[in-house]
Amino acid sequence: MEELLARTERITLPEGHPPTRAAYPDAGYARLRLRLQSIGV
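Rules of the game
- Residues numbered from 1 in each chain as written.
- Predicted model: local features only at pLDDT ≥ 70, side-chain atom pairs only at ≥ 80, totals over all residues.
- Heavy atoms only, no water.
- Patch = residues over 30% accessible without salt bridge, like charges linked within 9 Å, V, L, I, M, F, W, Y side chains within 5 Å.
- Areas by Shrake-Rupley, 256 points an atom, 1.4 Å probe, with all protein chains shown as cover.
- Salt bridge = Lys/Arg side-chain N within 4 Å of Asp/Glu carboxyl O.
- Helix = DSSP H or I, 4+ residues; strand = E, 2+ residues; numbered from the N terminus.
- Phe/Tyr/Trp six-rings, centres within 6.5 Å; stacked < 30°, edge-to-face > 60°.
- Lys NZ or Arg CZ within 6 Å of the ring centre and 35° of its normal.
- Buried < 20%, exposed > 50% of the residue type's maximum accessible area, 1.4 Å probe, protein only.
- Contact = heavy atoms within 4.5 Å.

(A) The arrangement of a nonpolar patch on the surface in detail. Taken together, Met1, Leu4, Leu5, Ile11, Leu13, Tyr29, Leu32, Leu34 and Leu36 make up a surface patch of nonpolar side chains, about 900 Å² in accessible area. Looking at the secondary structure, you find Leu32 in the loop between β3 (29–31) and β4 (35–38).

Encoded structure:
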């Protein structure tokens with residue numbers, strides 16, 4: 001995970017996949033899709 005994040009240049013939310021909030025008593029998100037863009041190697 002560290003290596004993946006170290007090479008990540010940008011993190012965005014993909015279009016058409018909105019975040020889904022978690023239901024009480026949980027907090028945060030039940031579903032959160034992310035798109036990672038890596039640094040050119």
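(B) Representation of the packing of aromatic side chains within the structure. Per the counting criterion, the structure on display carries zero aromatic pairs. One Lys or Arg, Arg21, reaches over the ring of Tyr29 and ends 5.1 Å from the middle of that ring.

(C) Main features of the pattern of salt bridges. Applying the stated criterion to the full structure yields one salt bridge. Taking the shortest distance from any N to any O, the salt bridge between Glu3 and Arg7 comes out at 2.6 Å. By relative accessible area, Glu3 is classed as partly exposed at 48%.

(D) Inspection of the environment of Pro19 at higher detail. As for its position among the elements, Pro19 is in the loop between β1 (8–12) and β2 (20–21). Residue class for Pro19 comes out partly exposed when judged on its relative accessible area of 35%. As a C-alpha pair, Pro19 and Leu34 span 15 residues in sequence and 9.4 Å in three-dimensional space. Setting aside chain neighbours within four positions, we find Pro19 in contact with Leu13, Tyr29, Arg31 and Leu32.

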